[in-house]
Amino acid sequence: MLKNSRLQLHIPRPPARPGETPDFSYVDLQPAGACRRPPTDEAESRMRDLPFGLVRVLDDDGSAVGPWAPELGDEHLKRGLRAMVLTRIFDDRMFKCHRQGKTSFFMKSTGEEALGAAPSMVLGMEDMCFPTYRVVSYLMARDYPLADLVNQIFSNAADPLKGRQLPILYSARRYGFYSLSGNLGSRFGHAVGWAMASAYMEDDKIALAYVGEGTTAEGDFHEALTFASVFHAPVILAITNNQWAISSFQGTAGGQETTFAACSLGYGIPGLRVDGNDFLAVHAATAWAAERARSNLGATLIEFVTYRAAGHSTSDDPTRYRPSDEPRHWPLGDPIARLKNHMIRRGFWSEEEHAALEAECDRQVREAVKAGEEIGTLGKSKPGVEEMFECVYKVPDWRLIRQRQELGV
Amino acid sequence: MPAMNMIQAINSALDVMLERDPRVLIFGEDVGYFGGVFRATDGLMEKHGAKRCFDTPISEGGIIATAIGMGAYGLRPVAEIQFADYILPAYDQLVSEAARLRYRSGGEFWSPITVRSPYGGGIFGGQTHSASPEALFAHVSGLKTVIPSSPYDAKGLLISAIEDDDPVIFLEPKRIYNGPFDGRQGIPLKPWSTHAASAVPEGHYTVPLGKANVVRPGQGVTVLAYGTMVHVCLAAVDDVGADAEVIDLRSIVPLDIDTVVQSVRKTGRCVIVHEASRFSGFGAELSALVQEECFYHLQAPIERVTGWDTPYPHAFEWDYFPGPQRVSAAIRRCVEARP
Ligand SMILES: Cc1ncc(C[n+]2csc(CCOP(=O)(O)OP(=O)(O)O)c2C)c(N)n1
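Please read these numbers as outputs of a predicted model, since none were measured by experiment.

> What am I meant to see in the overall build of chain A here?
If you tally the helices and strands in chain A, you get 11 helices and seven strands. The C-alpha radius of gyration of chain A comes to 22 Å, within 12% of the 22 Å expected for a compact globule of 409 residues. Overall, chain A is about 75 × 55 × 55 Å in size when its C-alpha atoms are taken along their principal axes. A burial count over chain A gives 56% of its 409 residues as buried. Long-range contacts, defined here as pairs at least 24 residues apart, represent 74% of the contacts in chain A between residues at least 6 apart. Carbon and sulfur atoms make up 50% of the accessible area of chain A, which amounts to about 17100 Å² in all. Placing the 46 positive and 53 negative side-chain charges of chain A at their respective mean positions leaves the two points 4 Å apart.

This is the structure we're talking about:
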């Protein structure tokens, strides 16, 4: 019966703010191995349970269980672990560099290292990744030169992007890594276009695009899904749900109403919800989606459930908006620790080898930073000022030529 | 009277309006619990409740569309776009909807919304945290575009914007949030408290939209600026020792054409300064107007000092930024020119 009630505007509220007890009971967890793995050519209409499941492979003991457990060789896993460890050490080092005034800006991906590393090892060099700023592990897994990252971050004379772009907004075409931008979400549709171009050319390349869960609110996300659906674009569309978008919890983007993976349902695209801190699950889910894309079966939407363990950026202090001990309560653990335990359990890795790996990555990062510092940090060295006027157009017009003359460079 | 910096003055304007008018509400990315990435809405959610000041999804188009719908219903929404660079996903809503709703509905519906957004460079924000998009709005009939240059003006203009029945784009020069930065490098930033315009009344007051401020009277040359550039121009005038009249436009639409014309007819010389790039920048409009209205009084070609016609480059921030040196040179050229 309809009561004579007055309407109330609903404003979502996160489970815990500073001073309150962290509460992740809203994260719908399922045991490792529980989620079924349909064949990649299953009809979308018969996979509509998957967006509400959770693909997990690594159980609490570090064993790989269930139908999604991929068969990956020891060396492959060592490479994956290395990419993640390198990423974490690099992040920590560059964050410090920012505090020392060597760069203007930096963002870490602590806790999310599997999200770039594993897909990078699934996709080929010819495929194209349309990254967010939080998947540098994609480049780490491809041995992108650390020096180029450092020089870009320092905006120095050796910056591959010529000082024009904000730190960490890399571009690395030869590594299958599309140009980043500060504008959220605006490349999601480019991935679909790239994938459609591959299909148009009857090539075999596919695309992978990332978007933060906060950014799924942008129109770009929904437009991209529509085009991916309508044209069966060979693309993997990945949502990194790290629970926070700066100070806004995932419910601000609709996460209290349904899962992000379930956005797929309205577009008739298969959707997977995946433990993003489980390297093996991320690998397996990406491989499944890649197989669909390469078999001309079209797009897949994947939600990686993860947690942003560090602040949003060097400008951010997360204790102002979430409990300071929240990271410790995150139920899906740490991707590096989990893969490491698994490898130790399988018998081809040890604490000693892990410590040696960390030391080796640390040495490499230090060397790269030192080399970058020798060229110069922000403000101490920069590309020639004439670079400011280049690349606006392929060929500068009279305005740029005159302005360059006016500045005397 | 309390001394406020520009953020505190904006916060105070919002607080006053939330208090006075239950139809006013504030929303945008991270503006609620956190109080905004520049802290402009700090404490407002706690004080006035989550319904009055809340976080939105990250969707600038959604934020403005929602504001327009609320405004049409009769509310007075104040939306924040976190950086002016990110207003573009909402451009269609602003241009095709907010600006034209009154016109196309024969006055049945209108859009009394205010869109606040930090703009401009000088913080090493690179090409996506530095833009000055004012000309994109000035070109659109039906929108008003307001740019304060001091705490006092920020509060008074923002209250006028919120009370205005038309859509107002309120661009906040973020480089001067904490002090009147004048473009001079390597010297510590003076805090606002050392500046007269940091004396901001606690309660309600307005600074009318469309009334420019002669911040420095003079006879020899008129300098037109707004936002951060007002302070850069004052520094440049000091450097040159020119008898310049510096006019802070405060709002570019509506534009205080009378003050501009009176001044240029008096001085016969005009320098126009903005941080946005030059070609089709707002300076082009000012230059055209001055030429149309003051042609027979002009003693020298009108000078424009602007950002270059490139995106805002990270490492070359201070090569791009039209600082006091470039402004001084233009003032000198303009003052020394002889027909
Ligand atoms: C179009 C646009 N709007 C707003 C911003 C400001 N901003 C930068 S990061 C961010 C939060 C993004 O959150 P999410 O998509 O969840 O990614 P995460 O940072 O958590 O990885 C916001 C609002 C932006 N960069 N671009």
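Once the structure has been displayed, the description carries forward.
> Help me out: how do you make sense of helix H6 (residues 219-230) of chain A in this one?
Think of an α-helix as 3.6 residues a turn; residues three or four steps apart then line up on the same face. Residues and elements named next belong to chain A. With 12 residues, H6 extends 17 Å from end C-alpha to end C-alpha; this agrees with the ideal 16 Å at 1.5 Å per step. Taken together, the buried positions of H6 are Phe 221, Ala 224, Leu 225 and Ala 228. For H6, the buried positions fall inside an angular range of 100 degrees around the axis, keeping them on one side. Of the exposed residues in H6, the ones pointing more than 90 degrees away from its buried face are Glu 223 and Val 230. Residues of H6 that are buried in the fold lie against helix H5 (188-200), strand S2 (207-212), strand S3 (235-241) and strand S7 (300-305). After H6 finishes, the residue His 232 shows a positive phi value of roughly 50 degrees.

> Is there a simple way to explain the domain arrangement of chain B in this structure?
In many reports, interface size means the accessible area that the parts give up when they come together. All names here are of chain B. The domain boundaries assigned to chain B delineate domain 1 (6-176) and domain 2 (210-336). For domain 1 and domain 2, the distance between their C-alpha centres works out to 26 Å. Domain 1 puts 26 residues into the contact, and the matching count from domain 2 is 23 residues. Carbon and sulfur atoms supply 59% of the area that domain 1 and domain 2 bury against each other, a total of about 2000 Å² over both sides. For the interface between domain 1 and domain 2, the tally reads 12 residue pairs in polar contact (both at pLDDT 80 or more). Of all the secondary structure elements, the ones that give two or more residues to the side of domain 1 that touches domain 2 are helix H6 (134-138), strand S5 (144-146) and helix H7 (151-163). For the side of domain 1 that touches domain 2, the residue count by class is 12 nonpolar, 10 polar and four charged.

> Looking at this structure, I do not really get the packing of aromatic side chains. What am I missing?
Residues and elements named next belong to chain A. Scanning the entire structure with this criterion turns up 28 aromatic pairs over all chains. Centre to centre, the rings of Tyr 138 and Phe 177 are 6.2 Å apart; their planes meet at 35 degrees, and the pair counts as tilted. With Tyr 138 in helix H3 (residues 137-140) and Phe 177 in the loop between helix H4 (146-154) and H5, this residue pair connects regions lying 39 residues apart in the sequence. Taken individually, Tyr 138 and Phe 177 each receive the classification buried, so the pair is uniform in this respect.

> Where do I start with the nonpolar core in this structure?
For soluble globular proteins, nonpolar side chains are generally found buried alongside one another. Residues Leu81(A), Phe90(A), Met94(A), Leu149(A), Tyr170(A) and Phe279(A) are the most contacted members of the largest nonpolar core, which totals 77 residues. The residues contacting Leu149(A), other than those within four sequence positions of it, are Phe90(A), Val136(A), Leu139(A), Met140(A), Tyr144(A) and Tyr170(A). In terms of nonpolar packing, the next biggest core, distinct from the first, is built from 64 residues, Leu400(A), Val146(B), Phe181(B) and Ala242(B) among them.

> Before we go on, may I ask you to explain the site of the ligand in this structure?
Near the ligand, the surroundings consist of 20 residues, among which Tyr133(A), Arg134(A), Thr215(A), Trp244(A) and Glu60(B) are the closest. In this structure the ligand sits where residues from chains A and B come together. In this structure, Tyr133(A) approaches the ligand through a side-chain N or O atom, which is 2.6 Å from an oxygen atom. For the shell around the ligand, a count of residues per class yields seven nonpolar, eight polar and five charged.

> Help me understand the packing of helix H1 (residues 74-99) of chain A against H4(A) in this model?
Angle between the axes and distance between the axes are the two parameters that describe a pair of packed helices. Residue and element names in this part refer to chain A. Orientation of H1 relative to H4, taken along the N-to-C sense of each, is 25 degrees, at an axis distance of 12 Å. As judged from the angle between their axes, H1 and H4 are roughly parallel. Where H1 crosses over H4, the two elements pack in a sense that is right-handed. Residue-level inspection shows Leu 86, Phe 90, Met 94 and Cys 97 of H1 in contact with H4, the latter providing Leu 146, Leu 149, Val 150, Ile 153 and Phe 154. Considering only residue class, the contact of H1 with H4 consists of nine nonpolar, no polar and no charged.

> Quick question: what am I supposed to make of the pairing of S2(A) here?
A regular strand places its side chains so that they alternate between the two faces of the sheet. Residues and elements named next belong to chain A. Extensive coverage of S2 is indicated by the burial of six of its six residues. Residue alternation in S2 divides its side chains into two sets, Ala 207, Ala 209 and Val 211 and Leu 208, Tyr 210 and Gly 212, and both sets are buried. Pairing geometry for S2 and S3, over six bridges, is parallel. Bridging from a neighbouring strand, Val 211 pairs with Ile 239 of S3. At this point the chain moves from S2, through H6, to the parallel S3, and the crossover so formed is right-handed.

> What should I look at first to understand the environment of Ser45(A) in this one?
Residues and elements named next belong to chain A. Among the secondary structure elements, Ser 45 is positioned in the segment before H1. Take Ser 45: its relative accessible area is 45%, and that puts it in the partly exposed class. Here the alpha-carbon distance between Ser 45 and Gly 268, two residues 223 residues apart in the chain, equals 7.6 Å.

> Whenever I open this one, the packing of H1(A) against helix H2 (residues 113-122) of chain A confuses me. Can you help?
All names here are of chain A. Running from amino to carboxyl end, H1 crosses H2 at an angle of 140 degrees, the nearest separation of the two axes being 9 Å. The pairing of H1 with H2 is recorded here as oblique in orientation. For the pair H1 and H2, the crossing hand works out as right-handed. Contact with H1, carried on its side by His 76, Arg 79, Gly 80, Ala 83, Met 84, Thr 87 and Arg 88, involves Glu 113, Ala 114, Ala 117 and Met 121 of H2 and no other residues of that element. Class assignment of the residues belonging to the contact of H1 with H2 gives a composition of five nonpolar, three polar and three charged.

> Can you help me understand the domain arrangement of chain A in this one?
When the domains of chain A are assigned, the result is domain 1 (46-312 + 327-378) and domain 2 (385-409). For domain 1 of chain A and domain 2 of chain A, the distance between their C-alpha centres works out to 36 Å.

> Got a minute to help me understand a negative patch on the surface in this structure?
Residues and elements named next belong to chain B. Negative charge collects at one region of the surface, where Asp 258, Glu 285, Glu 292 and Glu 293 lie side by side. Here the negative patch takes three residues from helix H10 (residues 282-294), the largest share from any one element. With respect to the helices and strands, the residue Glu 293 is situated in helix H10. Exposure remark for Glu 293: the relative accessible area of 35% places this residue in the partly exposed category.

Each value, and the rule that gives it
- Residues numbered from 1 in each chain as written.
- Chains lettered and ligands numbered in written order.
- Predicted model: local features only at pLDDT ≥ 70, side-chain atom pairs only at ≥ 80, totals over all residues.
- Heavy atoms only, no water.
- Helix = DSSP H or I, 4+ residues; strand = E, 2+ residues; numbered from the N terminus.
- Rg over C-alpha atoms; globule rule 2.2 N^0.38 Å.
- Buried < 20%, exposed > 50% of the residue type's maximum accessible area, 1.4 Å probe, protein only.
- Contact = heavy atoms within 4.5 Å.
- Areas by Shrake-Rupley, 256 points an atom, 1.4 Å probe, with all protein chains shown as cover.
- Lys, Arg positive; Asp, Glu negative; His and termini not counted.
- Charge placed at Lys NZ, Arg CZ, Asp CG, Glu CD.
- Expected span 1.5 Å × (residues − 1).
- Arc of directions from axis to C-beta.
- Domains from an automatic or database assignment.
- Buried area = accessible area lost by both parts, 1.4 Å probe.
- Polar contact = N/O pair within 3.5 Å; in protein donor to acceptor, adjacent residues only side chain to side chain.
- Nonpolar A, V, L, I, M, F, W, Y, C, P; charged D, E, K, R; others polar.
- Phe/Tyr/Trp six-rings, centres within 6.5 Å; stacked < 30°, edge-to-face > 60°.
- Core = buried A, V, L, I, M, F, W, Y, C linked by side-chain atoms within 4.5 Å.
- Near = heavy atom within 4 Å.
- Axes fitted to C-alpha atoms, helices over the stretch in contact; angles between N-to-C directions.
- Parallel < 35°, antiparallel > 145°, perpendicular 65-115°, else oblique.
- Left-handed = near helix turned anticlockwise from the far one by under 90°.
- Pairing = 2+ DSSP bridges.
- Right-handed = clockwise from strand over helix to strand, strands pointing away.
- Patch = residues over 30% accessible without salt bridge, like charges linked within 9 Å, V, L, I, M, F, W, Y side chains within 5 Å.
- Salt bridge = Lys/Arg side-chain N within 4 Å of Asp/Glu carboxyl O.

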